[in-house]
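# A look at the structure
Spelled out from the first residue to the last, the chains are:
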Amino acid sequence: MMQCMATTAHTSPATLQIMVASAQSLDESEAAVGLLSAAASTPEHASHHRTFSAPAPSNSSGLDIVIQNPTPHRLPEGENATPLEVIGTTASDKLVIVMVGLPATGKTHIAKRICRFLSFFHDIPSQIFNVGDYRRQLCGAQMPSRFYDPTNEEGRAARQMACDTALADLVEYMKQDGVRVAAFDATNSTMLRRRHILNAIRSSGLGVKKMFIESICDQEELLDENIKKVKLSTPDYRDMDPEEAMADFKQRRAEYMKVYQPVEDADGSYIKIINSKQFIVNNIRGYLPLKVVHFVMNLHTLPRTFFLTRHGQSEYNLLGKIGGDSGLTPAGLEYARRLAEFAKGYIAVDPNASPEEGDDAAGATPQTRPCRLWTSTLRRTKETAQFIEHDAQNYTFDNGETGVWVQFRQRERRNLDELYAGMA
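These notes cover the structure that comes with them. (Residues numbered from 1 in each chain as written. Predicted model: local features only at pLDDT ≥ 70, side-chain atom pairs only at ≥ 80, totals over all residues. Heavy atoms only, no water.)

### Focus on the sheet that holds strand β10 (residues 270–274)
What holds strands together in a sheet is hydrogen bonding between their backbones, with the strands either parallel or antiparallel. Strand order in the open sheet made by the 6 strands is β7-β8-β6-β9-β10-β11, with mixed pairing throughout. The sheet terminates laterally at β7 (126–130) and β11 (278–282), the two strands that pair on one side only. Adjacent strand axes in the sheet meet at a mean angle of 15° when their direction is disregarded. Where β7 meets strand β8 (residues 181–185), 5 bridges bridge the pair, whose relative direction is parallel. (Pairing = 2+ DSSP bridges. Helix = DSSP H or I, 4+ residues; strand = E, 2+ residues; numbered from the N terminus. Axes fitted to C-alpha atoms, helices over the stretch in contact; angles between N-to-C directions.)

Dropping the structure here:
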């Protein structure tokens, strides 16, 4: 009998991608190029081995053959480490986020981004409870603006029912083991409604932390853009004339404005977001709430472009092997060189900017846009990005600030490593 060391096998090779995104301003975004694992394969980041006995194959020399797969990529934090998680006295606390704001102020977008951030980067289970979805299920989708009139008793009762149904589901969700975060997404525009939510959570006996996130937007151009791009595509206005839908939605917003009360210190912990540029933070404590505040203060709301690519051909790709942490073949290195040319000549060029002053149309120098580069920690992804240039340049951002930007500054993220597919 011989002893064999075997690592995980899988039916397909790893698919790693590079992500690139343009950044419109230093404060608003860091757009990225990253190498992302899109398909599971043998874990090069796992430390699992399996030792088993098997009949030793015979050969002409009569010696036993020892078969070993390459040593996988080991995590210094341990094989079961939670990505980017830290140990602290409040790290295991549960949190309920209550969104506040008039319609079309980006509440749902912010809630979705927070939950996605906590889930992807911190492996924290989270879920959004959107009261609008409950209202559509209970009352139907296309309700006229008078339904939201605060003096409409029938409409107010229906909206209260939707609120209570969503709250009940949120409470049941937060009672589950391992669940950490829930976002209650609605206008929650009055102090009375917010007290009702807090009382319902307290009476449930959950013992969770609570914080409000109020989104305020008073810039008409931003509101109009958000209504056209987001609100008019919802089930509430599907197949409606755009002008009619716009008028109805603005009237709905006006109905909420009649009774709107901004969040105050008496409400408890909160962060106010004003036009995505100004922030007011009150009485925020604890690991999770502070993580949320930090993320929200760096959240951008404008669209970004991401470029994804597979890593260049690796030595194991050429041999048909799965696993290991091999480097690139000559063909893979050639791909890396061409990728660097593409990054400089296309990704880094701002397609919406006019040529710099003093340049004629024929020899105009294109304006660049700031970009970021993300890779995993695996060797083949880092070698794929090795020829991308990292020039330092002065850049004036959308908020008027001028600073030095290092183009395609590289960041290695273990979260982008290939997925662990289990042991064979």
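### A look at the packing of helix α5 (residues 220–229) against helix α6 (residues 242–257)
Where α5 meets α6, the axes come as close as 11 Å, and the angle between the chain directions of the two elements is 120°. Compared by their axis directions, α5 and α6 come out oblique. Relative to α6, α5 is oriented so that their crossing is right-handed. Across the interface between the two elements, L223, D224, I227 and K228 from α5 touch M246, F249, K250 and R253 from α6. In terms of residue class, the contact of α5 with α6 is built from 4 nonpolar, no polar and 4 charged. (Parallel < 35°, antiparallel > 145°, perpendicular 65-115°, else oblique. Left-handed = near helix turned anticlockwise from the far one by under 90°. Contact = heavy atoms within 4.5 Å. Nonpolar A, V, L, I, M, F, W, Y, C, P; charged D, E, K, R; others polar.)

### As for the packing of aromatic side chains
Under the definition given, this model contains 11 aromatic pairs. Relative to F121, the ring of F120 has its centre 4.8 Å away and its plane inclined at 85°; by these criteria the two rings are edge-to-face. Taking the relative accessible area as the measure of exposure, F120 reaches 37% and is therefore partly exposed. Residue F121 is classed as buried on the basis of its relative accessible area of 15%. Centre to centre, the rings of F147 and Y148 are 5.1 Å apart; their planes meet at 85°, and the pair counts as edge-to-face. In this structure, F147 and Y148 share a single accessibility class: buried. Through successive ring pairs, a cluster of aromatic residues spans F117, F120, F121, F295 and W374. Note that R413 overlies the ring of W374, its terminal NZ or CZ placed 4.3 Å from the centroid. (Phe/Tyr/Trp six-rings, centres within 6.5 Å; stacked < 30°, edge-to-face > 60°. Buried < 20%, exposed > 50% of the residue type's maximum accessible area, 1.4 Å probe, protein only. Lys NZ or Arg CZ within 6 Å of the ring centre and 35° of its normal.)

### Let's talk about the pattern of salt bridges
Counted by the stated rule, this structure contains 15 salt bridges. For the salt bridge of D267 with R194, the shortest nitrogen-to-oxygen distance reads 3.4 Å. Highlighted residues: D267 in the loop between α6 and β10 and R194 in helix α4 (residues 191–203), separated in sequence by 73 residues. Side by side, D267 and R194 carry an identical accessibility label, which is buried. Between K272 and E214 there is a salt bridge, and its shortest N-O distance comes to 2.5 Å. Of this pair, K272 sits in strand β10 while E214 sits in strand β9 (residues 209–216), and the two are 58 residues apart along the sequence. K272 gets classed as buried once you look at its relative accessible area, which sits at 9%. Within this structure, D133, R135, R136, D236 and R252 form a network of salt bridges that share partners. (Salt bridge = Lys/Arg side-chain N within 4 Å of Asp/Glu carboxyl O.)

### Considering the packing of helix α1 (residues 107–122) against helix α7 (residues 287–297)
Look at α1 against α7: their axes get within 11 Å of each other, and the N-to-C directions meet at 120°. Handedness of the α1/α7 crossing: right-handed. Contact residues: I110, R113, I114, F117, L118 and H122 in α1; Y287, L288, K291, V292, F295 and V296 in α7.

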